[in-house]
Amino acid sequence: MKCDESRPGCKNCCSTGRKCDGYGIWATISVPTTKEHVPVVSVVQDVIPQPRSDSPPGRFNMTVLVSLPSLVTAKLNNEELACLDFFRSTTIVKLPGVFYSHFWHELVLQASVAEPAVLHAVIALASAHRIEEESLRPRGVVSSSDQTELTRREVFTIQEYSKAINLLQNRKTEDRTASLRVVLITCVLFVTLDLLRGEYGNAMTHTQSGWKLMKELQSGNETKSCPQPEVDMSSDCTSVDESLSESLACLSVQSALFGCKTATSHLEISQPTSLFDMKIPAKFRNMSEARRSFNILLGDVLVLTQKCRSHDFRGTPYPSEIVSRQVCLQSAIASWKMAYSRSRDHISRQSTNEHNVLGVYLLRVFLSMTSIMAETALCHGRQALFDDYTSHFTSIITQTLQLLKRVAHQKMEMKARFDDGERAADFIADVGLLPFTYYTALKCRVPWIRRQAIALLLTTPIREGMWDSFIMGNVARQIMTAEEDGFFDSWADEIEAGPFDSPVERNERLKHIPTLPESSRFYDVELEMFDPLKGAGKLMLRRRKDDVEGGWEEIACPFDFSGLKKSAYSKLDYSLLFTDGSPGLSSGSGSSAAS
């Protein structure tokens, strides 16, 4: 069936219950002239506000919705009501990850009451998430009845998606700003749906279109009021527009960390034009404030890294503005680190649930990775530079083990339930453990630390947006094998590492093992996924040629891990994390790099 290029969705697809993957549903918005809908910022009815310790002061978490107004629920069928209940009880709790999100915890629920298009987008996402959650049962031979039920739910998900598209098409309002906001809320929901279903290409296309709409929304706001001269990173993110921009930025950061080069251009829309325009407070008031300011810094590091990579491949010197940008960025990271150190005890005392506690330590690990990225951005393609950061990589592994202790009891319970079969990975829409663990497996050439990072990826079933721990672990192992090419075979028994080993002890004991030559190391890794859910794709690896002419060597490596996936997570013994029989963080971090 050919796409008819209708906006915001193909009528040929929507009329037959199919999902339109054609020219992008968010490219334009038609604005009819009759105003019929309630504004998106309308107050949610029948909501019991639940305070969250990591939310901005004076704000409430709207995750508990006792009952929707009868005018909203009266037109929903039983399946839609069941998915809506699942969204409130499960999706909105799990998908945001460990950090507070104004978009997920407040804005989506408010908008789902006021806007039918958002409501059905929520139901579509909840339906897909429900399928994903229930796939945690053992996967043996699928019965015909199970397959029939799965197909029915998939069709229902697409039907709800199509309903949301049709409602956006027929939405009538004179307020273009309100229309842009509604479409952007729906866009973020559909990007999350695409990621959950493994449709990464669609997710990137929709994210790119979302940024175009955000730019249009911001330009419209600037005509109404003067923009602020500086970005105050201590201010609360409570407005609709700020919430939407931050949600898109989180999605783009996740994609950029995955290696999607177009995502860095999206980040530049949300970044201040000058690092001097950023205002980092002396002390953070809560986790949301610390995380928001860190995301701005991380986004800027990713933009800087991409610009440097372009100069490296062209063989051109770094311009002075890039050098200055690095200096300013390192200073900003140092300021953030000092502010976070002053605030950490206060934020920890605010953290009354396990998710909040995980967030406190997760930011520390991201700080270690971001510091390495900023300091090595102007490396001219040289990879031996990363050997100076062994203490940082050691800290990343040590802190990752500490984080896993926090969730180990839950994982052990799941292992007991599903020990005899394969299970799917937990899915969150935000970043978590995977980016810095994969980064360590890629950039740390200390063989035992690298192997431990890969072992952690392969034995921790998590999906974080585009990131799948099983796929990334096998990708990292394939890259390591191509780089080393038997170099460490003589020390194979000594450098073999399990997921829960102590890297600190090995750093001292294995100093006699030589370092991997510069000529063997890949500078750039480009990952293209053909079938994310099955684990099929292609790697493009680049390293400097080891000859007088220079230039770059490119190696294409197709992969298909579908045959390896069965029972990949069933043999992990999380009890090995505990030396005293109980979970908890150890007193030492293993390295000063993380403090």
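What you are looking at is a predicted structure, and each value in this text was computed from that prediction instead of being measured. (Residues numbered from 1 in each chain as written. Predicted model: local features only at pLDDT ≥ 70, side-chain atom pairs only at ≥ 80, totals over all residues. Heavy atoms only, no water.)

### Quick notes on the sheet that holds strand S6 (residues 524-531)
Threshold: In this analysis, strands are considered paired if DSSP registers two or more bridges between them. The helix and strand labels rest on DSSP assignments: H or I over at least four residues marks a helix, E over at least two residues marks a strand, and numbering proceeds from the N terminus. Angles here are taken between N-to-C directions and fall from 0 to 180 degrees, while the axes themselves are lines fitted to C-alpha atoms, restricted in helices to the stretch in contact. By the convention used here, residues are in contact when the closest approach between their heavy atoms is within 4.5 Å.
The strand order across the open sheet formed by 3 strands is S6-S7-S8, and the pairing between neighbours is antiparallel. The open sheet terminates on both sides in strands that have one partner only, identified here as S6 and strand S8 (552-560). Pairwise comparison of adjacent strand axes, ignoring direction, gives a mean angle of 15 degrees for this sheet. When strand S7 (residues 536-544) meets S8, the two strands line up antiparallel, connected through 9 bridges. Following the sheet pairing, Gly537 is matched in S8 by Phe559. Across the face of the sheet, helix H17 (residues 469-484) comes into contact with S6, S7 and S8 while running at roughly 35 degrees to S7.

### A look at empty space enclosed by the protein
Applied cut-off: In the cavity and pocket records, a cavity denotes points on a 1 Å grid over the protein atoms alone where a 1.4 Å probe fits but cannot get out, a pocket denotes an open set with protein on both sides within 12 Å along at least 5 of 7 lines, and lining residues are residues with an atom within 4 Å of a point. Grid points are joined across faces, edges and corners, and a volume is the space filled by probe spheres set on the points. Under this grouping Gly is polar, as are all residues other than the nonpolar Ala, Val, Leu, Ile, Met, Phe, Trp, Tyr, Cys and Pro and the charged Asp, Glu, Lys and Arg.
All told, the structure shown has 6 cavities of 30 Å³ or more when counted by the stated rule. As a volume, the largest cavity reaches approximately 600 Å³. Going through the elements one at a time, helix H9 (240-258), helix H10 (261-270), helix H11 (287-314), helix H13 (354-376), helix H15 (434-443), H17 and S6 are the ones with two or more residues in the lining of the largest cavity. Looking at the lining of the largest cavity, its residues break down into 21 nonpolar, 6 polar and 6 charged.

### Section: the confidence of the model for the protein chain
What counts is decided by this rule: Confidence of the predictor at the level of single residues is captured by pLDDT, which takes values from 0 to 100.
Across the protein chain, the average pLDDT comes to 78, with 72% of residues at 70 or higher. Least confident of the elements in the protein chain is strand S1 (residues 231-232), whose mean pLDDT is 38; most confident is H15, at 96. Contacts from residues 57-66, a stretch scored under 50 in pLDDT, to residues over four places away or in other chains number 38 contacts. Contacts of residues 226-237 to residues separated by more than four positions or lying in other chains number 34 contacts, the stretch itself having pLDDT below 50.

### As for the packing of aromatic side chains
How two aromatic rings sit relative to each other is set out by the distance from centre to centre and by the angle between their planes. What counts here: Only Phe, Tyr and Trp rings are paired, with Trp represented by its six-membered ring, and only when their centres lie within 6.5 Å; those with planes under 30 degrees apart are stacked, over 60 edge-to-face, the remainder tilted. When a residue's accessible area, from a 1.4 Å probe over protein chains only, is under 20% of the maximum for its type it is buried; when over 50% it is exposed; and in between it is partly exposed.
Evaluation of the coordinates by the stated rule reveals 16 aromatic pairs. Summarising the aromatic geometry, the rings of Tyr200 and Phe258 are spaced 6.3 Å apart at their centres and angled 75 degrees between planes, so their arrangement reads as edge-to-face. Note that Tyr200 is positioned in helix H8 (residues 200-224) and Phe258 in helix H9, a separation of 58 residues in sequence. The class of Tyr200 is buried, set by a relative accessible area of 9%. With relative accessibility at 8%, the residue Phe258 sits in the buried group. Ring centres of Phe258 and Trp467 lie 5.6 Å apart, and the angle between their planes is 85 degrees; this geometry places the pair in the edge-to-face category.

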